[in-house]
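Residues per chain are reported as follows:
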Amino acid sequence: MRRSVPELATSADAPFVGREADLNTLRSRLEGGGLVTLVGPAGVGKTRLVSELFARHERELPEPALCDLLEAQTPEDAAAMAAHALGISLDGADPAVGIADALASRQDALLVLDNFEHLAPVATPLVDAWARSGTLLVLARRSLGLANATEHLLDPLSLAPAGDTPSPAEELFWHRVRLTHPGHTPTDADRAAVKKRVAQLDGLPLSIELCAAACPLPIAAGLETPIQTASSTLEQILGDSIEALPPPMRALWQRCAAFRGGFDEAAAHAVLLALTERSLLVSKAKPGAPRRYQMLAMLREYAAAGLRASGKETEALTLHAAHFTRLSQRATELYLKGKSAESRQLVRKDADNLLAVHRRATQHRIAPGLAAEAAVESVLGVLPALGGLGPLTGLVQRLDACLSRFATELDVKTETRALIARSRILDHVGRPAEALGSAKMARDRAKELGDASLEARAMDVEGRALLQLGRWQEAELTLTSAILALAELGMEAHVARAHVALGHPELLRSHDGLLVQRVRELAPSPRIVAMSADGARAARHEAD
């Protein structure tokens with residue numbers, strides 16, 4: 001079953017004009033498979049073209065999986081995000097091989113990589129490996145020089161009219177004017193002024209939309225302000241659009257530059273609709289889901305520069321970090337209550353925001369009083385968001401960065417939670433000796449705190465690591481102690497998972513299959529018994 005067309009951030013209600021030839025060419029190249037790059041300057045309409053392509057030809061083209069690499073810093077990050085986009089689990093496999101195998105086995109899949117430029121020096125070998133097995137589309141502002149890539153250069157809109165029909169650039173301008181000023185009837189002077197202005201804007205769609213959205217009536221008079229040199233056109237149009245905003249709205253727009261991957265109304269209160277109407281934000285809505293807002297990459301860069309210049313960057317990034325720290329904490333609470341699906345759903349769309357919080361915290365770009373907590377909580381929030389997808393070793397590296405950089409600032413409870421998460425990941429990726437060390441350290445910290453819940457969770461991961469190391473008697477004793485402690489605390493989901501681990505074939509052999517009886521004695525909840533019995537049967541089948 002095909003997934004829906006990916007959500008690409010495109011300008012609100014933008015018509016598709018003057019791009020039919022580009023659309024047909026891009027479609028033909030993607031149907032040929034391999035690696036295709038779509039290259040064009042910021043604001044030229046790359047994402048608009050791709051969005052239209054998928055919307056029109058969903059059945060004819062491979063299934064698209066959008067991977068926004070804006071927050072990726074390493075090849076491992078890129079692989080984790082690609083795996084997440086494809087909905088596959090790498091389970092510690094080599095990312096080049098794992099994703100290549102997934103693409104090879106799913107001939108109807110197309111991986112779309114956006115914001116790849118900054119990774120090109122380090123992640124090109126990954127992309128080359130993936131492209132040999134499937135179809136990839138890379139969106140970029142400049143030619144990347146990727147081996148074996150078919151490149152399509154996207155030019156600005158044509159300024160040439162077709163007979164009595166306005167040029168595509170003029171058509172886009174008038175469409176935006178009609179949204180801002182419904183019912184307006186243009187005069188000959190208006191038409192002449194628009195024709196001149198779109199030529200001054202070099203036919204760049206983003207510049208045209210911003211200019212039209214900010215243009216007052218009458219149009220001809222509103223366009224009297226001259227445009228400077230071509231190189232400063234987009235910057236001047238952006239500046240004019242921002243200066244036209246009331247100061248509170250301007251400040252809010254600049255603060256929106258803190259977000260990555262979009263945000264909902266709960267994250268940024270007030271005037272979002274007004275900013276969307278001015279084409280300074282784009283919005284997306286799905287039935288039954290909150291409306292989300294996003295900045296196009298070029299606008300985000302401009303807003304971020306304005307935010308830095310205003311002297312308010314630290315304040316804005318700290319507010320952003322505080323919001324997503326609370327979101328991570330709620331996701332963790334749901335996970336601990338056994339509501340894993342709800343936990344993932346809560347943070348699924350905000351993995352980019354959480355990674356941004358971690359990066360800024362470790363770069364000391366948010367207020368010191370929040371940095372240590374935010375750095376750890378953002379990683380703990382990403383863990384359920386990824387749901388085990390991708391190479392998780394990247395998260396271990398992030399946790400290690402937190403534990404080293406904030407060694408004197410982290411409170412003991414947050415440090416202990418980080419150590420437990422680190423142990424879980426290391427156990428999952430087959431590094432049990434390191435997992436055991438981390439779990440023992442977490443258990444010691446929890447004892448110091450007198451926190452029974454953290455101590456029980458640390459014992460659980462310690463027992464799993466002992467299993468992987470083949471230390472059967474120690475594993476059984478540790479897991480049994482963890483089950484008793486978790487059951488007493490009412491943490492049923494954790495109890496059930498610990499029982500499944502206790503159903504390891506080696507332990508079943510040594511106890512002649514009496515696990516389920518022991519489960520009933522340790523934790524009499526019918527739900528736990530049922531889940532544990534299933535785990536025991538599966539383990540016994542494996543042993544046979």
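For the structure given in this document, a descriptive report is provided here. Nothing here was measured: the structure is a model prediction, and the numbers come from that model.

Okay, the sheet that holds strand E3 (residues 109-114) next. If you walk across this open sheet you meet the 5 strands as E2-E3-E4-E1-E5, and the pairing is parallel. The sheet terminates laterally at strand E2 (63-68) and strand E5 (149-153), the two strands that pair on one side only. Neighbour-to-neighbour, the strand axes of the sheet open up by a mean angle of 20°, direction not taken into account. Note that strand E1 (residues 35-39) and E5 share 5 bridges and pair parallel. Paired with Val 36 across the strands is Thr 150, a residue of E5.

Between the first and last C-alpha of helix H6 (residues 168-180) there are 19 Å, a value that for 13 residues agrees with the 18 Å anticipated at 1.5 Å per step. Those residues of H6 not exposed but buried are Pro 168, Ala 169, Glu 170, Leu 172, Phe 173, Trp 174, Arg 176 and Val 177.

In this section: the environment of Thr 135. By secondary structure assignment, the location of Thr 135 is in strand E4 (residues 135-140). Looking at Thr 135, the relative accessible area reads 9%, which means it is buried. Excluding residues that lie within four positions of it along the chain, Thr 135 makes contacts with Leu 30, Gly 33, Gly 34, Ala 109, Leu 110 and Leu 111.

Residues that lie three or four places apart on an α-helix share one face, since the helix turns once every 3.6 residues. The complete set of buried residues in helix H4 (residues 95-105) reads Pro 95, Ala 96, Gly 98, Ile 99, Ala 100, Ala 102 and Leu 103. Next to the buried residues of H4 lie helix H3 (75-86), E3, helix H5 (120-131) and E4.

Two elements in contact, H6 and helix H8 (residues 205-214), have axes separated by 8 Å at closest approach and are oriented at 35°. When the axes of H6 and H8 are compared, the crossing they make is right-handed. Here Ala 169, Leu 172, Phe 173, Arg 176, Val 177 and Thr 180 of H6 come into contact with H8, specifically with Pro 205, Ile 208, Glu 209, Cys 211, Ala 212 and Ala 213. Residue composition of the contact of H6 with H8, grouped by class: 9 nonpolar, 1 polar and 2 charged.

On to the pairing of E3. When a strand is regular, its side chains alternate between the sheet's two faces. For E3, the buried fraction is high: 6 of the 6 residues fall into the buried class. Of the two faces of E3, the one holding Ala 109, Leu 111 and Leu 113 and the one holding Leu 110, Val 112 and Asp 114 are both buried throughout. Both E2 and E3 contribute to a ladder of 6 bridges, which runs parallel. Within the sheet, the bridge partner assigned to Cys 67 lies in E3 and is Leu 113. One crossover worth recording links E3 to the parallel E4 by way of H5, and it is right-handed.

Another aspect to go through is the sheet that holds strand E8 (residues 292-294). Sheet architecture is open: 3 strands sit in the order E6-E8-E7, paired in antiparallel fashion. In this open sheet, the two edge strands, each paired with only one partner strand, are strand E6 (263-264) and strand E7 (282-284). Note that E7 and E8 share 3 bridges and pair antiparallel. Residue pairing in the sheet places Ser 283 in a bridge with Tyr 293 of E8.

Definitions and cut-offs
- Residues numbered from 1 in each chain as written.
- Predicted model: local features only at pLDDT ≥ 70, side-chain atom pairs only at ≥ 80, totals over all residues.
- Heavy atoms only, no water.
- Pairing = 2+ DSSP bridges.
- Helix = DSSP H or I, 4+ residues; strand = E, 2+ residues; numbered from the N terminus.
- Axes fitted to C-alpha atoms, helices over the stretch in contact; angles between N-to-C directions.
- Expected span 1.5 Å × (residues − 1).
- Buried < 20%, exposed > 50% of the residue type's maximum accessible area, 1.4 Å probe, protein only.
- Contact = heavy atoms within 4.5 Å.
- Left-handed = near helix turned anticlockwise from the far one by under 90°.
- Nonpolar A, V, L, I, M, F, W, Y, C, P; charged D, E, K, R; others polar.
- Right-handed = clockwise from strand over helix to strand, strands pointing away.

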